[in-house]
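# Results of the structural survey
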Amino acid sequence: MPNWFIIANPAAGGGLVKKVWPAIEAELQKLQIQYVSNFTIGPGHATTMVQEALTAGYRHIIAVGGDGTNHEVINGIMLQKNVPSAEVNYGLLPVGTGNDWIRTYGIPRDWREWLPQLFAAPSRLQDVGLASFWTGGQKSERFFTNVAGLCYDAFVVKTMADQQIKPSNRFVYLWWILKCLFRFQPTPCKISFDGQSIQESCYTINIGICKYSGGGMQFVPQAIPDDGLLGLTIARKIPKWDVILSTPRFYAGTIGGHPKVTLHQSKSVLVESTSEHPVYVEADGEFLGECPAEFTIVENAIRVIVPF
Ligand SMILES: Nc1ncnc2c1ncn2[C@@H]1O[C@H](COP(=O)(O)OP(=O)(O)OP(=O)(O)O)[C@@H](O)[C@H]1O
């Protein structure tokens, strides 16, 4: 049996994976990697495919795609019960659009640069977040590996998912977040964490295992992937002009310096709506549902391949 099981999402990167797949295969053959590969056939397929691969005996998994593919594969690893999740050696070849998860580890954004290193690189343990939330009148759960967001953050993800907008680059994405900003009203909510509770109208709330989301912005600059804690960023009601002027702070990782923003760390976070308005939830760029939502941490849950 080949060592490596590769899951490729042909739709990732706006179809880029499908386009570059022959070049990836040529490189794999040049490197003499023993592998079997499969394309996903639709949303959610990467989750079931990785479970089947682990049941079949594979322990070295590579995903080819972006943050959504990464999210689905991690959920597959976490949901199955056959193999301890931390025993699965997992690497991502980034051929997505935002590719935010890789930024925390300094994984090269160019797949051509990362591919030759990937099969010999070391691995390290990472924590995983577990979100419980409401969708379609039912309670549901999802693991996340990067950053979850509520309020405006999730409103942007929901609006783009509802309108089937898949931004092809950072500028299109920025245009959409600006458009959504003028439609969003900060939502009153209660945030309970670490023995304290805050009631505020919030612009955004972010919960991170890793630091980057939204195409290179640092919503949770204090997040450390293996410290057993969730990074929590609370941005209270901010005028829209201030949100726009503060955008460079997100890119620079200095949003904690804003007077209306506080940074925290906690083992768990509970967010509840305190008005009749829904407070939406997203994780790793995927829309999940609504509050009440609880976030907890699974320590050292996955083993990820990172550069030397
Ligand atoms: N065969 C497929 N056809 C269409 N969509 C698919 C298929 N397989 C998976 N998907 C969906 O494609 C979506 C996009 O994938 P992914 O997030 O990896 O790429 P991306 O959006 O380009 O990258 P990023 O999230 O880093 O910006 C995922 O939500 C996934 O569910």
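Here the structure is a predicted model, which means the values were calculated and not measured.

Let us look at the overall build of the chain. When its secondary structure is counted, the chain shows 8 helices and 16 strands. Scaling as 2.2 N^0.38, a compact globule of 308 residues should have a C-alpha radius of gyration of about 19 Å, and the chain matches this with 19 Å. When its C-alpha atoms are laid out on the principal axes, the chain stretches across 55 × 40 × 35 Å. In the chain, buried positions account for 54% of the 308 residues. Once local pairs closer than 6 in sequence are excluded, the contacts in the chain between residues at least 24 apart make up 73%. Looking at the chain as shown, the accessible area adds up to about 13400 Å², and 53% of this sits on carbon and sulfur atoms.

Attention now moves to the UniProt feature "domain: DAGKc" (unreviewed entry) in the chain. Under the local residue numbering, the UniProt record ascribes the feature "domain: DAGKc" (unreviewed entry) to residues 1-135. Between the first and last C-alpha atoms of residues 1-135 the distance is 40 Å; the span itself is 41% helix and 26% strand.

Assigned domains within the chain: domain 1 (4-121) and domain 2 (128-300). With 15 residues of domain 1 at the contact, the number on the domain 2 side is 23 residues. Between domain 1 and domain 2 the total buried area reaches about 1500 Å² when both faces are included, carbon and sulfur atoms providing 63% of it. Linking domain 1 to domain 2 there are 0 salt bridges. Our enumeration of links across domain 1 and domain 2 arrives at 8 residue pairs in polar contact (both at pLDDT 80 or more).

Spanning 13 residues, helix H3 (residues 67-79) covers 18 Å between terminal C-alpha atoms, matching the ideal 18 Å at 1.5 Å per step. In terms of residue burial, H3 counts as a mostly covered element, since 11 of its 13 residues are buried. Regarding H3, the residues found buried are Asp67, Thr69, Asn70, His71, Glu72, Val73, Ile74, Asn75, Gly76, Ile77 and Met78.

With that settled, the discussion passes to the packing of aromatic side chains. One pass over the full model with this rule turns up 10 aromatic pairs. Relative to Phe295, the ring of Phe144 lies with its centre 6.1 Å away and its plane at 85°, an arrangement referred to as edge-to-face. Here Phe144 is found in strand S6 (residues 138-144), whereas its partner Phe295 is found in strand S16 (residues 286-305), with 151 residues between them in sequence. Taking the relative accessible area as the measure of exposure, Phe295 reaches 0% and is therefore buried. Note that Lys158 overlies the ring of Tyr280, its terminal NZ or CZ placed 5.2 Å from the centroid. Residue placement shows Lys179 over the ring face of Trp176; its charged tip is 4.4 Å from the ring centre.

The rules behind each value
Residues numbered from 1 in each chain as written. Predicted model: local features only at pLDDT ≥ 70, side-chain atom pairs only at ≥ 80, totals over all residues. Heavy atoms only, no water. Helix = DSSP H or I, 4+ residues; strand = E, 2+ residues; numbered from the N terminus. Rg over C-alpha atoms; globule rule 2.2 N^0.38 Å. Buried < 20%, exposed > 50% of the residue type's maximum accessible area, 1.4 Å probe, protein only. Contact = heavy atoms within 4.5 Å. Areas by Shrake-Rupley, 256 points an atom, 1.4 Å probe, with all protein chains shown as cover. UniProt positions renumbered as here; feature names shortened; annotations may be inferred. Domains from an automatic or database assignment. Buried area = accessible area lost by both parts, 1.4 Å probe. Salt bridge = Lys/Arg side-chain N within 4 Å of Asp/Glu carboxyl O. Polar contact = N/O pair within 3.5 Å; in protein donor to acceptor, adjacent residues only side chain to side chain. Expected span 1.5 Å × (residues − 1). Phe/Tyr/Trp six-rings, centres within 6.5 Å; stacked < 30°, edge-to-face > 60°. Lys NZ or Arg CZ within 6 Å of the ring centre and 35° of its normal.

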